[in-house]
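So the chains spell out like this:
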Amino acid sequence: MTVINTNTSAMRATNASTSASKMLATSMERLSTGKRINSAKDDAAGLAIANRMASQTKSMAMAVRNANDGISLAQTAEGAMGEVTNMLTRMKELATQSANGTLKDTDRTALQSEMTQLTAEIGNVAKTTSFNGVNLLDGSSDSVKLQTGINADQTISMALTDTRASTLGLTAQAKGGTVDGTAAFAAANGDPLTINGQAVTTTGTALDAKAIASAINATTADSNVVATAKNKVTMDVGTLTAGKSFSIGSTAITMTAAEKDSNSLAAKINTTLGSGSNIVASTDSNNKLVLTSKDGSNISITNTDSLLSNAKVGEKQNEALDITTAPTTAAVARGQVTLEAQNGVGITVAGAGAAKAGLTEGSTSAISIASQTGASAAMAVIDNALDKISSARGTMGAAQNRLESTVNNLTTTATNLSDAKSRIEDADFSTETTALAKAQILGQASTAMLAQANQSQQGVMKLLG
């Protein structure tokens, strides 16, 4: 049948030309971008998988940087402790020399002068060693947590060691217990406290480690004693159920579906309290919740829905804090005060107010090699200090080795992920150039056939003539 209203051949040639144009456009796009998937229409599932892999790869690259920063931190701390080891070795040499009976007291006095300077420098190293503003050896932090994975719980905790001279036993130190919060502390009320003979006074009725440390430090110029306050509470976390809550101070922490473990709970607490809060939440290596008061002031906890248990307070976390009382009753952790002598002096604590300040009456002396007996005793103290530093350096070395393994593993995983992402997302140039040639030929052929189809209808004119 001969017709002119419908040119089926032309329509088919047009469709073929359009299809070839699309194929040509797709091949050119893939060859110009180097990607097989340029939009969701190319492969929706593949796009989602590739995007997820890209996110993981970038996060792993950052985790590698974090781990390398951790290695740098450990090297900084270990290097400083290496110099402390050198100074302790020299101190042991001086003590050994001073313990010899052939020396006169004047000779030992000269040796003691060097001993005093070395002790002061060990304290200075502990005070000034830091990494990006984080103090490493002054006891302000027990550990540093490194984010070495792409998920919230993929962390490594690196232990930090307090290498202050007082902690090593080289200078006098007096550690207090938790403060008795049932009695108001004030020298004016007949409960005097003296540090190295200097009267310590406080004002007001608030009793916490921060207030006591501040009062003691007001006399440092005369007593040569510095006080620091610490307050930390560690607790077990029960089943976190949306709607249940507890309070820190006057701020309620209410659970949502997002809080599933101690890590997410710590993040919730920090967000709720805000960056200006004196209390910071974290988790330890046993996934316990840790609340730390930056300046040693009180930590008040109201365990409204019994989400928390087994609360411990104190430097060694060996003193229980009762948080099992009625939901409306706050348990108050009051912290500890530590006294550290300067310039090689001793510490003498006296007065009825000492107990209320969490301190114990009595005297503590620094090591001295100014006498033969003192030198002999100092040798054992220095040996203990050397053992502690050596152990801490070993811990740092082990952490560095672990982090290097972490970096290697992350790098390998990131490489494999990138390889997998490439297989999904990247264009195969051999295939795409073949498809381009095919599309070009089909486009030219369909255009030629469309011209032929349009010419084929001209035969009708012969019938009409």
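Residues numbered from 1 in each chain as written. Predicted model: local features only at pLDDT ≥ 70, side-chain atom pairs only at ≥ 80, totals over all residues. Heavy atoms only, no water.

Q: I'd like a rundown of the overall build of the protein chain, residues and numbers included.
A: Helix and strand counts for the protein chain come out as ten helices and 19 strands. For a compact globule of 465 residues, the expected C-alpha radius of gyration is about 23 Å, and the protein chain comes in at 37 Å, more than 25% above that figure. C-alpha atoms of the protein chain, sized along the principal axes, occupy 140 × 60 × 30 Å. Counting over 465 residues, the protein chain shows a buried share of 39%. (Helix = DSSP H or I, 4+ residues; strand = E, 2+ residues; numbered from the N terminus. Rg over C-alpha atoms; globule rule 2.2 N^0.38 Å. Buried < 20%, exposed > 50% of the residue type's maximum accessible area, 1.4 Å probe, protein only.)

Q: Explain the domain arrangement of the protein chain to me, using residue names and the numbers behind them.
A: One frequent convention defines the size of an interface as the accessible area lost when the parts assemble. Under the domain assignment used here, the protein chain contains domain 1 (1–33 + 430–464), domain 2 (48–167 + 378–415) and domain 3 (174–363). Taking only C-alpha atoms into account, the centre of domain 2 sits 27 Å from that of domain 3. Listed per partner, the contact involves six residues of domain 2 and six residues of domain 3. Across the domain 2-domain 3 interface, the total number found is two salt bridges. Asp142 is paired through a salt bridge with Lys232; the nearest N and O atoms lie 2.7 Å apart. The interface formed by domain 2 and domain 3 includes five residue pairs in polar contact (both at pLDDT 80 or more). Class assignment for the residues of the side of domain 2 that touches domain 3 results in no nonpolar, two polar and four charged. (Domains from an automatic or database assignment. Contact = heavy atoms within 4.5 Å. Salt bridge = Lys/Arg side-chain N within 4 Å of Asp/Glu carboxyl O. Polar contact = N/O pair within 3.5 Å; in protein donor to acceptor, adjacent residues only side chain to side chain. Nonpolar A, V, L, I, M, F, W, Y, C, P; charged D, E, K, R; others polar.)

Q: Please give an account of the sheet that holds strand E7 (residues 198–200) that cites residues and values.
A: Reading across the sheet, the four strands line up as E7-E6-E18-E19 and stay open at both edges, with antiparallel pairing between neighbours. A single partner strand is all that each edge strand has here, and the edge strands are E7 and strand E19 (362–364). Between one strand and the next, the sheet's axes are offset by a mean angle of 20 degrees, whatever the strand orientation. Sheet analysis places strand E18 (residues 347–350) next to E19, joined by three bridges and oriented antiparallel. Pairing of Val349 across the sheet is with Gly362, part of E19. (Pairing = 2+ DSSP bridges. Axes fitted to C-alpha atoms, helices over the stretch in contact; angles between N-to-C directions.)

Q: For helix H6 (residues 262–273), give the residues involved together with the corresponding values.
A: Counted at 1.5 Å a residue, the expected span for H6 with its twelve residues is 16 Å, and the 16 Å between its end C-alpha atoms agrees. Looking at the packing, one finds that the buried side of H6 touches strand E8 (225–237), strand E9 (245–248), strand E10 (251–254), strand E11 (279–283) and strand E12 (289–293). For H6, the side-chain oxygen to backbone nitrogen distance between the N-cap and Asn263 is 3.2 Å, and the N-cap itself is Asp261. Just downstream of H6, Gly274 is the residue with a positive phi angle, here 90 degrees. (Expected span 1.5 Å × (residues − 1).)

Q: So what about the pairing of E18? Which residues, and what values?
A: One face of the sheet, then the other: side chains in a regular strand alternate in exactly this way. The side-chain alternation of E18 yields one buried face, formed by Ile347 and Val349, and one unburied face, formed by Thr348 and Ala350. In this sheet, E18 lies alongside strand E6 (residues 193–195) in antiparallel orientation, the contact comprising two bridges. Residue Thr194 lies in a different strand from E18, and its bridge partner there is Ala350.

Q: Any chance you could break down the packing of helix H2 (residues 44–98) against helix H3 (residues 105–128) for me, citing the residues and the numbers?
A: Close contact between H2 and H3 brings their axes to 10 Å; oriented N to C, the two are set at 165 degrees. It follows that H2 is roughly antiparallel to H3 by the angle criterion. Between H2 and H3 lies a crossing of left-handed hand. Counting all contacts with H2, which are made through Ala80, Val84, Met87, Leu88, Arg90, Met91, Leu94, Ala95, Gln97 and Ser98, the residues of H3 involved are Arg108, Leu111, Glu114, Met115, Leu118, Thr119, Glu121, Ile122 and Val125. Split by residue class, the contact of H2 with H3 holds twelve nonpolar, three polar and four charged. (Parallel < 35°, antiparallel > 145°, perpendicular 65-115°, else oblique. Left-handed = near helix turned anticlockwise from the far one by under 90°.)

Q: Just give me the short version of the sheet that holds strand E16 (residues 331–333), but keep the residues and values in it.
A: The strands making up a sheet associate through hydrogen bonds between their backbones, and the pairing can be parallel or antiparallel. Taken together, four strands build an open sheet; the order of strands is E10-E9-E13-E16 and the sheet is antiparallel. Looking along the sheet, the strands with just one partner apiece sit at the ends: E10 and E16. Each strand of the sheet is rotated relative to its neighbour by a mean of 25 degrees, with strand direction disregarded. Both E9 and strand E13 (residues 299–302) contribute to a ladder of two bridges, which runs antiparallel. Bridged to Ser247 within E13 is Thr302. The sheet strands contacting H6 are E9 and E10, and the helix crosses E10 at an angle near 145 degrees.

Q: So what's going on with the side chain of Asp162? Residues and values would help.
A: Here Asp162 shows up in the loop between strand E4 (155–159) and strand E5 (173–178). Within the structure, Asp162 has its side chain in polar contact with the side chain of Arg164 (distance 2.8 Å). Of note is the side chain of Asp162, whose polar atom sits 3.0 Å from the side chain of Thr167.

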